[in-house]
Amino acid sequence: MTPSRRQFVASIATVPFLPQAGSAQPQRRAPGRGADPVLDQVLANLRELSAELETQPRTRRATLRAIESTLGVGATHLAAHYDGELQAALKRRQSRFGRAALTQDIVNHARQSGSQDVTHEAIDAAMARLEQRGLSGCFRDVQEVTRRVRINAPEQVQAAGARAIQFDYCADLNWMIDLMNMTIQIVCAIAILEPSPGGEITCGALSLALGLLLLQKLIWC
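### Digging into the overall build of the chain
Looking only at helices and strands, the chain has nine helices and zero strands in total. Along the chain, from the amino end to the carboxyl end, the secondary structure elements read α-α-α-α-α-α-α-α-α. Once local pairs closer than 6 in sequence are excluded, the contacts in the chain between residues at least 24 apart make up 81%. Of the roughly 10700 Å² of accessible surface on the chain, a fraction of 52% belongs to carbon and sulfur atoms.

### What about the state of the cysteines?
Applying the stated criterion to the full structure yields two disulfides. The partner cysteine of Cys170 in its disulfide is Cys221, sulfur to sulfur 2.1 Å. Note on the Cys170 and Cys221 pair: the S-S dihedral is about -100 degrees, so by sign convention the disulfide is left-handed. Taken together, the residues Cys170 in helix H8 (residues 168-193) and Cys221 in the segment after helix H9 (199-220) connect sequence positions 51 residues apart. The buried category is assigned to Cys170, whose relative accessible area is 1%. We classify Cys221 as partly exposed; its relative accessible area is 30%. One disulfide bridge connects Cys188 with Cys203, the sulfur atoms lying 1.9 Å from each other.

### Describing the packing of helix H5 (residues 99-112) against H8
Contact geometry for H5 and H8: axes closest at 9 Å, N-to-C directions at 100 degrees. Judged on the interaxial angle alone, H8 and H5 are roughly perpendicular. Between H5 and H8, the residues in contact are Leu102, Asp105, Ile106, His109 and Ala110 and Gln185, Ile186, Ala189, Ile190, Ile192 and Leu193, respectively. Looking at the contact of H5 with H8 residue by residue, the class counts come to eight nonpolar, two polar and one charged.

### Structural notes on the environment of Thr70
With respect to the secondary-structure elements, Thr70 resides in helix H3 (residues 60-81). Judged by its relative accessible area of 13%, Thr70 falls in the buried class. Spatially, the C-alpha atom of Thr70 lies 8.7 Å from that of Leu43, the residues being 27 residues apart in sequence. When near neighbours in sequence (up to four residues on either side) are disregarded, Thr70 contacts Val42, Asn45, Leu46 and Leu49.

### Regarding empty space enclosed by the protein
Enumeration according to the criterion identifies three cavities of 30 Å³ or more in this entry. Put simply, the largest cavity is a space of about 110 Å³. Around the largest cavity, the lining comprises 13 residues; the ones closest to its centre are Glu85, Leu86, Ile190, Ser196 and Gly199. Every element with two or more residues in the lining of the largest cavity is listed here: helix H4 (83-97), H8 and H9. Partitioned by chemical class, the residues of the lining of the largest cavity number seven nonpolar, four polar and two charged. Taken as a whole, the second largest cavity spans an internal volume of roughly 60 Å³. Lining of the second largest cavity is provided by Ala126, Arg129, Leu130, Arg133, Gly134, Gly137, Cys138, Asp141, Met176, Leu179, Met180 and Thr183. Among the elements of the structure, helix H6 (120-152) and H8 are those that each provide at least two residues to the lining of the second largest cavity. Broken down by element, the residue count for the lining of the second largest cavity peaks at eight residues, all from H6.

### Considerations on the confidence of the model for the chain
Mean pLDDT over the chain works out to 83, with 79% of the residues at or above the 70 mark. Looking at the elements of the chain, mean pLDDT is at its lowest for helix H1 (residues 5-14), recorded as 40, and at its highest for H3, recorded as 97. Low pLDDT, under 50, characterises residues 1-33; the predicted model gives this stretch 61 contacts beyond four residues in sequence or across chains.

### Some words on the side chain of His77
With respect to the element layout, His77 can be found in helix H3. At a separation of 2.8 Å, a polar atom in the side chain of His77 contacts the side chain of Asp36. Not counting chain neighbours up to four residues away, the residues in contact with His77 comprise Asp36, Val38, Leu39 and Tyr82.

Parameters at a glance
Residues numbered from 1 in each chain as written. Predicted model: local features only at pLDDT ≥ 70, side-chain atom pairs only at ≥ 80, totals over all residues. Heavy atoms only, no water. Helix = DSSP H or I, 4+ residues; strand = E, 2+ residues; numbered from the N terminus. Contact = heavy atoms within 4.5 Å. Areas by Shrake-Rupley, 256 points an atom, 1.4 Å probe, with all protein chains shown as cover. Disulfide = S-S within 2.5 Å. Buried < 20%, exposed > 50% of the residue type's maximum accessible area, 1.4 Å probe, protein only. Axes fitted to C-alpha atoms, helices over the stretch in contact; angles between N-to-C directions. Parallel < 35°, antiparallel > 145°, perpendicular 65-115°, else oblique. Nonpolar A, V, L, I, M, F, W, Y, C, P; charged D, E, K, R; others polar. 1 Å grid on protein atoms, 1.4 Å probe; cavity = no way out; pocket = protein on both sides within 12 Å on 5 of 7 lines; lining within 4 Å. Points joined across faces, edges and corners; volume = space filled by probe spheres on them. pLDDT = per-residue confidence, 0-100. Polar contact = N/O pair within 3.5 Å; in protein donor to acceptor, adjacent residues only side chain to side chain.

Next up, the structure:
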């Protein structure tokens, strides 16, 4: 079910977050330990821009352009500081227990957190993409889909009268939302299975990126 606007705007306001996964939860970052002021600022900027996108229809295209730029900054930072850590954790887990066991662990965590529609096939496909493109690739994917929406979406008056039309960018959005859902399950599960200073913040970063996609879908699709 697609969440209501109020639900995902509320989630954007509170990221980073981690889904429930039994009783095991990574600890919150202590002040001065594992802090990342650059990525924190990127996420704060994206939250502010998501609020503008929601409340200021007249400037939405300019806001989308700003979101694209901010996602690009975030992608560069993730590539420099987090991709290697995540990919190393995935390799460690697979070498220790095997890919099938890792996939099963992620599915179990997802279902315990209430995501009953997660499948082994979807997780495996998302993991292969994550291994190839990293966290930075996720941000760049969202950046590219946002660019397509900015270029192709009708003006708000036109969109209100054309809700029944399935635009090409809506298909892009739906595909990316599904992929991001699966990717978040992987990254947030790894934050629990292989705790690291960056685990929680990257889980929250992808959750915020998903919220931006959902907001675009509600406005234009």
